[in-house]
Amino acid sequence: MTPQHPKNMTVGVVGLGLMGSSIVVSLLLSGHKVIGIAPIADDMVSAPERINSQLLHCEKSGLLNNSKEHYLSKVLFTANYETLKECAIVLECIIEKEDIKKEVYRKITAIVGDDVVIASNTSAIPISTLQQYVSNPKRFMGIHWAEPAYATRFLEITCGKETSPEIAKWVFKLAHQWGKEPTLLRKDIRGFITNRLMYAVYREALTIVEQEEATLDDIDKSFRYDEGSWITLMGIFRRMDMMGLNNYLEMFKNIFPKLSNKDDIHSIMQYIIDIDAKGTQNSKGLYPYPEGEAKKWDRAFSMFNKDISILADEYAQNRALIKDKYNGE
Ligand SMILES: NC(=O)c1ccc[n+]([C@@H]2O[C@H](COP(=O)([O-])OP(=O)(O)OC[C@H]3O[C@@H](n4cnc5c(N)ncnc54)[C@H](O)[C@@H]3O)[C@@H](O)[C@H]2O)c1
């Protein structure tokens, strides 16, 4: 596959909820024309509003090279799958339901050519399962973004059993042009990379709470101020190199046998589901949310995203800078 210049490439995004919208913004900022397919009527109202306000946020944060109107003129919102005809790549970003995704792939493949890359933003459904639902499964893979897609550098590309490694490498290259630091997972392991890691952390954290050994707040404090202080710079393994590997060996021997292997649901999570808590979405969650508090967290997250993206950019884009910084000090 020979990539067109990204600026000439039209990208389709099917599903314009939370993630679909911010993926549209990310693609617009990378210079693409975007076809945004709204599979449900609500999307036709909420997605343009959300995308407009995200572009406004980008404008205020100095992330735009052109006017907001310029970017908006490059996106088409429609319920008509026929418009995907001109796309070189189509990103599916609809609710996490296998049967609904299957139906959406049927609609996409009825329109686009066999060489058009189709990808899912699924967080958990195996790519090898989803790719059975498209003709020419070689061109299907997972492209997993992090919210808000226009401000995060994360992008996880996952091959299913039948994905062509060449096509996956082409997407990997393209992702750099989207300003990402992509990862390429050649084997379709459950949870891919990031969820595999985070769910081990969730299990351990919930177990500590369930056993009343520490509070939610203490666990969050520990994670924010320990891991949070180095993780964007160096990840896990460089951290280990910097901390002295022999110490880890001793710790592993002592701690591994103590970690949770629980494979059923923690009682606190069952309770939270039973009371229909949806976290900041309905101000009912693991923490209490008095009036206005959930909105404050949304705003803080949005500001933090901007700051962390600039910081990560500074360190990741120009690795020499890291050397210079520390050589100079
Ligand atoms: N929210 C996140 O942080 C996040 C992160 C990574 C991956 N994902 C994945 O991205 C996908 C979308 O998640 P989201 O958070 O944007 O969800 P969302 O609930 O915000 O949006 C869901 C969208 O799915 C589509 N949809 C709903 N019902 C449909 C139907 N019956 N038929 C066809 N389309 C329908 C609509 O476009 C709707 O806006 C999921 O696969 C999810 O696992 C989400």
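Structure shown above.
Residues numbered from 1 in each chain as written. Predicted model: local features only at pLDDT ≥ 70, side-chain atom pairs only at ≥ 80, totals over all residues. Heavy atoms only, no water.

### Re the nonpolar core
Note that soluble globular proteins tend to have their nonpolar side chains buried in a common cluster. Among the nonpolar cores identified, the biggest contains 43 residues, and Ile 23, Leu 27, Ile 89, Leu 91, Met 141, Ile 143 and Trp 145 are the most heavily contacted of them. If sequence neighbours within four positions are ignored, Trp 145 has contacts with Met 19, Ile 23, Ser 26, Leu 27, Leu 91, Asn 121, Phe 154, Leu 155, Trp 178 and Lys 180. The next biggest cluster of nonpolar side chains, apart from the first, holds 22 residues, and it includes Val 14, Cys 87, Ile 118 and Leu 185. (Core = buried A, V, L, I, M, F, W, Y, C linked by side-chain atoms within 4.5 Å. Buried < 20%, exposed > 50% of the residue type's maximum accessible area, 1.4 Å probe, protein only. Contact = heavy atoms within 4.5 Å.)

### Comments concerning the packing of helix α7 (residues 194–210) against helix α11 (residues 267–274)
Axes are the key here: two packed helices are described by the angle between their axes and the distance separating the axes. In contact at an axis separation of 9 Å, α7 and α11 are set at 95 degrees when each is read in the N-to-C sense. As the angle between them shows, α7 and α11 are arranged roughly perpendicular. Contacts between α7 and α11 involve Leu 206, Val 209 and Glu 210 on the former and, on the latter, Ser 267, Ile 268 and Met 269. Partitioning the contact of α7 with α11 into residue classes produces four nonpolar, one polar and one charged. (Axes fitted to C-alpha atoms, helices over the stretch in contact; angles between N-to-C directions. Helix = DSSP H or I, 4+ residues; strand = E, 2+ residues; numbered from the N terminus. Parallel < 35°, antiparallel > 145°, perpendicular 65-115°, else oblique. Nonpolar A, V, L, I, M, F, W, Y, C, P; charged D, E, K, R; others polar.)

### Some thoughts on helix α1 (residues 18–29)
Its 12 residues give α1 an end-to-end C-alpha distance of 17 Å, which sits within 8% of 16 Å, the value for a rise of 1.5 Å per residue. Taken as a whole, α1 has its buried residues at Met 19, Gly 20, Ser 21, Ser 22, Ile 23, Val 24, Val 25, Ser 26, Leu 27 and Leu 28. One or two steps after α1, the chain reaches Gly 31, where phi turns positive at roughly 95 degrees. (Expected span 1.5 Å × (residues − 1).)

### Looking at the pairing of strand β5 (residues 117–120)
Side-chain alternation along β5 places Val 117 and Ala 119 on one buried face and Ile 118 and Ser 120 on a second face that is also buried. Relative to β5, strand β4 (residues 87–92) runs parallel, the two sharing four bridges. By the bridge assignment, Val 90 is partnered in β5 with Ile 118. In this view, the connection linking β4 to its parallel neighbour β5 by way of helix α4 (residues 98–109) has right-handed handedness. For β5 and strand β6 (residues 140–145), the ladder comprises three bridges, and the chain directions are parallel. The residue of β6 that forms the bridge with Ala 119 is Met 141. (Pairing = 2+ DSSP bridges. Right-handed = clockwise from strand over helix to strand, strands pointing away.)

### Focus: the sheet that holds strand β8 (residues 181–185)
A sheet is described by the order of its strands in space; here eight strands give the open sequence β3-β2-β1-β4-β5-β6-β7-β8, paired in mixed fashion. Because the sheet does not close on itself, it has two edges, and the strands there are β3 (75–78) and β8. Neighbour to neighbour, the strand axes of the sheet diverge by 25 degrees on average, direction disregarded. Judged from the five bridges that link them, strand β7 (residues 154–159) and β8 form a sheet pairing that is parallel. What sits directly across from Glu 156, in β8, is Thr 183.

### Concerning the packing of aromatic side chains
Counted according to the given criterion, the structure contains five aromatic pairs. Each ring, one from Tyr 248 and one from Phe 252, has its centre 5.9 Å from the other, and the planes form 50 degrees; the classification is tilted. Taken together, the positions of Tyr 248 and Phe 252, both in helix α10 (residues 245–255) and four residues apart, correspond to about one turn of that helix. Using a relative accessible area of 31% as the deciding quantity, one classes Phe 252 as partly exposed. Three or more aromatic residues joined by ring pairs form one cluster here, namely Tyr 248, Phe 252 and Phe 256. (Phe/Tyr/Trp six-rings, centres within 6.5 Å; stacked < 30°, edge-to-face > 60°.)

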